[in-house]
Amino acid sequence: MKRSDKPTIQVTQSFLPKFSVYQKYLQKIWNNHYLTNNGPLVLELEKKLAHFFHVPYCIFVSNGTIAIQLAIRALDLKGEIITTPFTYVATANAIIWEHCTPVFVDIEPNTCTIDVTKIEHAITKKTCAILAVHVYGFPCDVAAIQKIAKKHNLKVIYDAAHAFGAMYKKKSLVSYGDIATVSFHATKLFHTGEGGAIITKNAKLAEKIKLYRTFGHVYDEYKTYGINAKNSEFHAAMGLSILPSMPTILKRLKKISSWYDKELKNTGLTIPHADKNTTPNHAYYPVIFKTEQQLKKTRAVLQKNKIFPRRYFYPSLNTLQFLHPNSCPESESIALRVLCLPFYQALQKETVRRITAYIRSAL
Ligand SMILES: Cc1ncc(COP(=O)(O)O)c(C=O)c1O
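Residues numbered from 1 in each chain as written. Predicted model: local features only at pLDDT ≥ 70, side-chain atom pairs only at ≥ 80, totals over all residues. Heavy atoms only, no water.

A. Region of interest: the nonpolar core. Grouped together as the largest cluster of nonpolar side chains are 95 residues, with contacts concentrated most on Phe 86, Ile 119, Tyr 136, Ile 145 and Tyr 260. Top contributing element to this core by residue count: helix H9 (residues 246–263), with seven residues. Composition of this core by domain shows at least three residues from each of domain 1 (3–14 + 245–362) and domain 2 (19–244). Residue contacts for Ile 119: discarding those within four places in its chain leaves Ile 82, Val 105, Ile 114, Ile 130, Ile 145 and Ile 148. Leu 75, Ala 129, Leu 131 and Ile 179 belong to the second largest nonpolar core, which has 26 residues in total. (Core = buried A, V, L, I, M, F, W, Y, C linked by side-chain atoms within 4.5 Å. Buried < 20%, exposed > 50% of the residue type's maximum accessible area, 1.4 Å probe, protein only. Helix = DSSP H or I, 4+ residues; strand = E, 2+ residues; numbered from the N terminus. Domains from an automatic or database assignment. Contact = heavy atoms within 4.5 Å.)

Listed below in structure tokens is the structure:
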């Protein structure tokens, strides 16, 4: 095949349900003329997601960033929030947008999650919470974080944007913490086009979040200030159409991950893995190079062949001037050397072979 004939391969490709399935939900919208304002499809999706996660409350919102913002608001956080620099910028943005200060604590290199041995050094009188990220769907050390939080009377939020379908110690990963937030953005394993959710076990918090989500009022009862964080029936319809396929998608991703594992053996690349108590969701396929030069050279070879991996997460957030820079050497080093390879359920074995052959040739 000539290079120009080769299809472009992006880092991800959104799963789309059968059009007829989505259409059935659209028909319901057309029948009842209910387009938004927490309509029947939003309620149905919330109920089904709560069941899927085995949690009492799952609140559907317009995206994963506002989910973090509402979590911060609902817990009434003020002051410093300890967090990780190895994440998408949305995590830190949400903290700042809510007038709190992110305090970056370095990561541990095996799972790229916050290094729990370094959290206590970062605690000051102003610390109010720990906002940790289950990055790539790899669980943070939730037991250690809970212990530290209890000792210092801190709240715990997990940005579980990547954690859909991952299990930790036989429980859904999103069930840990005072609140967990997820993203249902189109690039995520489970998506609603745009969207997100807030998960909590606390009934009072759930009520507060629901109120904040809809301007702070229920019909004529104006109880507090709020924001518009609702999502529409069209987005819920997408989620409802995809949810039944999730077990199949998760199985498929596990298989694709095993193809990559096999093809990349003995290449010298480091493949980070989740803790052994995890049933991973295989949301991403990150590989860590020995040097940034090696990464750039490999990426150039792939790009030349119309394959577009992504530097995810880069740069380490503690190096951004507007985000209270400090030193996090482990995160800085990995951020320079990590590349997420194309990874999505429609990826074929032949394509994985082709991608990995280019990587081996570049190395
Ligand atoms: C770790 C992390 N947190 C938060 C978000 C924000 O989610 P959204 O794009 O739905 O606002 C993302 C999304 O890319 C993410 O990767």
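We are not done yet, so read on.
B. Quick peek at the pairing of strand E9 (residues 179–183). Of all five residues that make up E9, five are buried, and the element is covered over most of its length. Burial along E9 is two-sided: the face carrying Ile 179, Thr 181 and Ser 183 and the face carrying Ala 180 and Val 182 are both buried. Relative to strand E10 (residues 196–200), E9 runs antiparallel, the two being bridged by four bridges. Residue Ala 180 lies in a different strand from E10, and its bridge partner there is Ile 199. (Pairing = 2+ DSSP bridges.)

C. Here's a closer look at the domain arrangement of the chain. One can read the domain layout of the chain as domain 1 (3–14 + 245–362) and domain 2 (19–244). Measuring from the centre of the C-alpha atoms in domain 1 to the corresponding centre in domain 2 gives 25 Å. Listed by partner, the interface residues are 37 residues for domain 1 and 42 residues for domain 2. When domain 1 packs against domain 2, close to 3300 Å² is buried across both sides, 67% of that on carbon and sulfur atoms. Across the contact surface, domain 1 and domain 2 share zero salt bridges. (Buried area = accessible area lost by both parts, 1.4 Å probe. Salt bridge = Lys/Arg side-chain N within 4 Å of Asp/Glu carboxyl O.)

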